[in-house]
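Residues per chain are reported as follows:
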Amino acid sequence: MQMSRWKVWLVLGVCLAGLLSLLPNFLSQQTLDRLPDFLPKNRIVLGLDLQGGSHLLLEVEHGAVINDRLESLVNEVRGALRSAGIGYRGLGVQGQAVSFSLTDPGQLDEARAQLADLNPLLPAAGFGTGSTRELAIEAGEGGRFAVRLTEEAREQRLISAVTQSLEVVRRRIDELGTREAVVQRQGADRILVQVPGERDPENIKRLLGKTARLTFHMVNLGASLDEALQGRVPAGYMLLESAEDTGGPQHYVVKRQVEVSGENLVDAQPTFQQGEPVVSFRFDNLGARKFGKITQEHTGELFAIVLDDKVISAPRIREPILGGSGIISGSFTAESANELAVLLRAGALPAPLEVVEERSVGPDLGADSIRAGAIASIVAVVLVVVFMAAYYGTFGLLADVALLANLVLLLGAMSFLGATLTLPGIAGIVLTMGMAVDSNVLIFERIHEESRLGRTPLGAINTGFDEALRAIIDANLTTLIAGAVLFHFGTGPVRGFAVTLVIGVLTTMFSAVTLSRFLVTGWYRRRRPATLPI
């Protein structure tokens with residue numbers, strides 16, 4: 001019956017920590033900002049069903065996924081034919097195929113052999129090697145070729161694009177500092193995004209509407225902009241619009257060849273240079289070598305930084321840049337510089353996303369849900385408290401104190417972790433209250449049984465807690481496993497329920513066993529009753 005001093009302080013310390021963690025939910029933001037940094041300041045985050053927010057359903061554009069592959073295939077075909085010395089004309093994308101004609105139809109077999117080297121086997125879904133080729137190569141009269149993606153290749157490309165888009169969207173949302181946003185796949189090619197607390201879906205659409213494909217190209221200073229605007233662009237170059245609004249050129253003629261890709265970026269941060277917002281970036285080792293080589297070979301020329309087919313900056317290379325880092329400057333505001341840095345850190349989308357469904361969820365329904373959930377929780381707690389006090393007397397009152405402490409610990413733990421509280425989460429809290437009382441019922445019934453068998457009050461209390469512990473651990477462990485499985489495989493509301501359930505099981509084990517024993521033994525040492533009032 002004697003608890004060591006360190007155990008007493010541990011129990012009191014845990015209760016105090018739970019109370020301090022819960023306290024920020026009742027304080028204003030100004031008050032929290034004035035508190036010392038070592039004190040907890042996180043609050044419980046309300047889910048979309050409780051506080052409202054933005055709901056978007058996005059669809060990956062099929063055409064862009066296939067067209068990107070066909071464009072890259074054009075470069076591969078051009079390189080293969082040139083390396084083999086095979087003449088061709090009219091190479092380009094036409095409809096859903098890459099087509100061209102041989103200048104010498106006698107080289108048909110040789111051209112077919114070169115294209116076969118570009119046609120890999122698709123990876124198998126499971127173990128082993130796939131048996132389907134990526135490309136369907138058709139050769140017609142006069143040396144005419146058409147190269148298409150097979151149906152299996154198109155399907156794999158789309159699946160891969162959706163999977164990659166899902167991860168990029170999740171990273172972009174997380175970069176905003178949004179907690180517990182729902183980002184999940186829906187159907188074959190759609191992505192569901194729910195952001196609690198975000199009242200304006202336009203903010204999310206602006207962030208997710210950019211593919212953020214960053215590339216670096218050399219600028220052709222000798223090309224005539226007037227001729228390029230009239231459609232006469234030099235071979236191997238393209239005309240791009242400028243995103244800058246600084247009175248400089250509105251268009252640039254840049255080389256099609258990508259000198260360095262944004263895939264080699266490892267970091268991007270907003271900063272200031274000479275009082276102007278800019279974005280600093282850093283390459284990986286491969287990107288740093290490419291960047292250093294390009295700036296060495298083209299010192300004095302313009303280097304176009306292209307984002308989503310728009311030139312956001314075209315600085316002059318004044319000296320070789322060998323450190324693998326640089327600055328993107330332009331007509332940025334602090335907000336747009338931060339937005340660009342977020343996009344670059346999160347990575348590029350493999351294809352544009354089209355908004356299929358958009359709605360802003362108001363807080364009114366959430367307020368009703370909170371009110372109903374609060375009423376249900378209060379009624380449940382009051383009924384449990386009254387029942388325990390009426391049925392178990394003094395021991396019931398001690399269990400009620402442990403039950404309230406359990407509620408404080410549960411909410412305090414959720415607040416400390418910044419967990420999201422949803423409507424199913426409120427149901428999990430109510431369920432936890434009942435489970436916590438179940439543990440006390442097991443203990444008190446065993447104490448009552450031991451008293452009837454003639455044990456002394458001290459022996460009955462000790463035996464009651466010790467023997468009931470096995471049943472309590474078994475019951476809570478199985479519930480913990482179920483909660484962990486729900487959290488791992490569930491999404492959205494199911495996860496919200498699982499979070500409160502798992503945290504509730506852990507706090508219940510502490511309050512129903514350790515805290516209840518602490519209260520009961522403290523009461524016994526003070527009263528030393530001849531019989532137990534149970």
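Residues numbered from 1 in each chain as written. Predicted model: local features only at pLDDT ≥ 70, side-chain atom pairs only at ≥ 80, totals over all residues. Heavy atoms only, no water.

### Describing a positive patch on the surface
On the surface, a cluster of positive charge is contributed by Arg 525, Arg 526, Arg 527 and Arg 528. For Arg 526, the location among the structural elements is in helix H15 (residues 493-527). Overall, the relative accessible area of 64% leaves Arg 526 in the exposed class. (Patch = residues over 30% accessible without salt bridge, like charges linked within 9 Å, V, L, I, M, F, W, Y side chains within 5 Å. Areas by Shrake-Rupley, 256 points an atom, 1.4 Å probe, with all protein chains shown as cover. Salt bridge = Lys/Arg side-chain N within 4 Å of Asp/Glu carboxyl O. Lys, Arg positive; Asp, Glu negative; His and termini not counted. Charge placed at Lys NZ, Arg CZ, Asp CG, Glu CD. Helix = DSSP H or I, 4+ residues; strand = E, 2+ residues; numbered from the N terminus. Buried < 20%, exposed > 50% of the residue type's maximum accessible area, 1.4 Å probe, protein only.)

### Points about the sheet that holds strand E17 (residues 325-328)
Pairing between the strands of a sheet is mediated by backbone hydrogen bonds and can be parallel or antiparallel. Taken in spatial order, the three strands line up as E13-E14-E17 in an open sheet, and their pairing is antiparallel. Two strands in the sheet have a free side with no partner beyond their single neighbour: strand E13 (265-273) and E17. If you compare each strand with its neighbour and ignore which way they point, the axes differ by 25° on average. Note: strand E14 (residues 276-283) against E17, four bridges, orientation antiparallel. By the bridge assignment for E17, Ser 280 is matched with Ile 327. (Pairing = 2+ DSSP bridges. Axes fitted to C-alpha atoms, helices over the stretch in contact; angles between N-to-C directions.)

### Concerning a nonpolar patch on the surface
Together, Leu 16, Leu 19, Leu 20, Leu 23 and Phe 26 line one region of the surface with nonpolar side chains, adding up to about 490 Å² of accessible area. Tracing the backbone shows Phe 26 in the loop between helix H1 (5-22) and helix H2 (29-34). Overall, Phe 26 belongs to the exposed group, its relative accessible area being 63%.

### Description of the pairing of E13
Relative to E14, E13 runs antiparallel, the two sharing eight bridges. In the strand pairing of E14, Phe 272 is matched with Pro 277. Between E13 and the antiparallel strand that follows it, E14, lie two residues; Gln 274 among them carries a positive phi value of about 55°.

### Digging into unusual backbone geometry
Backbone geometry at Gln 274 places phi at a positive 55°, although glycine is not the residue there. Considering the arrangement of structural elements, one finds Gln 274 in the loop between E13 and E14. Positive phi outside glycine occurs at Arg 528, with the angle close to 45°. Within the element layout of this structure, Arg 528 appears in the segment after H15. With relative accessibility at 52%, the residue Arg 528 sits in the exposed group.

### Digging into the pairing of strand E8 (residues 190-196)
Burial analysis of E8 places six of its seven residues in the buried class, the great majority of the element. Pairing of strand E2 (residues 53-60) with E8 involves seven bridges; the strand directions are antiparallel. The residue bridging Leu 58 from the neighbouring strand is Ile 191, located in E8. Summarising the sheet, strand E7 (residues 182-186) and E8 pair through five bridges and their orientation is antiparallel. What sits directly across from Val 182, in E8, is Gln 194. In this antiparallel pair of consecutive strands, E7 and E8, the connection spans three residues, and Gly 187 shows a positive phi of 75°.

### Considerations on the sheet that holds E7
With antiparallel pairing, four strands are arranged side by side in an open sheet as E7-E8-E2-E18. Because the sheet does not close on itself, it has two edges, and the strands there are E7 and strand E18 (353-361). Strand-to-strand, the axes of this sheet are offset by a mean angle of 15°, without reference to chain direction. Across the sheet, helix H7 (residues 201-208) touches E2, E8 and E18, and the angle it forms with E18 is around 160°. (Contact = heavy atoms within 4.5 Å.)

### A few points about the packing of aromatic side chains
The final tally for this structure, using the stated rule, is 14 aromatic pairs. With 5.2 Å between their ring centres and 5° between their planes, Phe 100 and Phe 145 make a pair best called stacked. Here Phe 100, found in strand E4 (residues 97-102), pairs with Phe 145, found in strand E6 (residues 144-149); they are 45 residues apart in sequence, far enough to count as distant. The same class applies to Phe 100 as to Phe 145, namely buried. On the numbers, 5.1 Å between centres and 50° between planes, the contact of Phe 283 with Phe 291 is tilted. By relative accessible area, which is 5% here, Phe 283 ends up buried. Taking the relative accessible area as the measure of exposure, Phe 291 reaches 4% and is therefore buried. Members of the aromatic cluster, each reached through a chain of ring pairs, are Phe 387, Tyr 391, Tyr 392, Phe 395, Phe 444 and Trp 523. (Phe/Tyr/Trp six-rings, centres within 6.5 Å; stacked < 30°, edge-to-face > 60°.)

### Brief notes about the pattern of salt bridges
Applying the stated criterion across every chain, the model contains twelve salt bridges. The closest approach of N and O atoms between Lys 41 and Asp 37, which form a salt bridge, is 3.6 Å. We note a salt bridge from Arg 455 to Glu 450, for which the minimum N-O separation is 2.6 Å. A relative accessible area of 46% means that Arg 455 is categorised as partly exposed. Judged by relative accessible area, which is 5%, Glu 450 ranks as buried. Three or more residues are tied together by salt bridges with common partners; here these are Arg 69, Glu 76, Glu 134 and Arg 157.

### Regarding the nonpolar core
Ranked by size, the top nonpolar core spans 35 residues in total, and within it Phe 395, Phe 444 and Ile 447 carry the most contacts. By residue number, the principal contributor to this core is helix H13 (residues 423-452), which donates eight residues. In this structure Phe 444 touches Met 388, Tyr 392, Phe 395, Gly 396, Ala 399 and Ile 534, once residues within four positions along its chain are discounted. Counting 27 residues, the second-largest nonpolar core is a separate cluster that includes Ala 212, Leu 214, Val 260 and Ile 312. (Core = buried A, V, L, I, M, F, W, Y, C linked by side-chain atoms within 4.5 Å.)

### Concerning the side chain of Asp 400
Mapped onto the fold, Asp 400 is located in helix H12 (residues 394-417). Nearest to the buried, unbridged Asp 400 among oppositely charged side chains is Arg 526, at 15 Å. In this view, Asp 400 contacts Val 384, Val 385, Met 388 and Ala 389; residues no more than four positions away in its chain are not counted.

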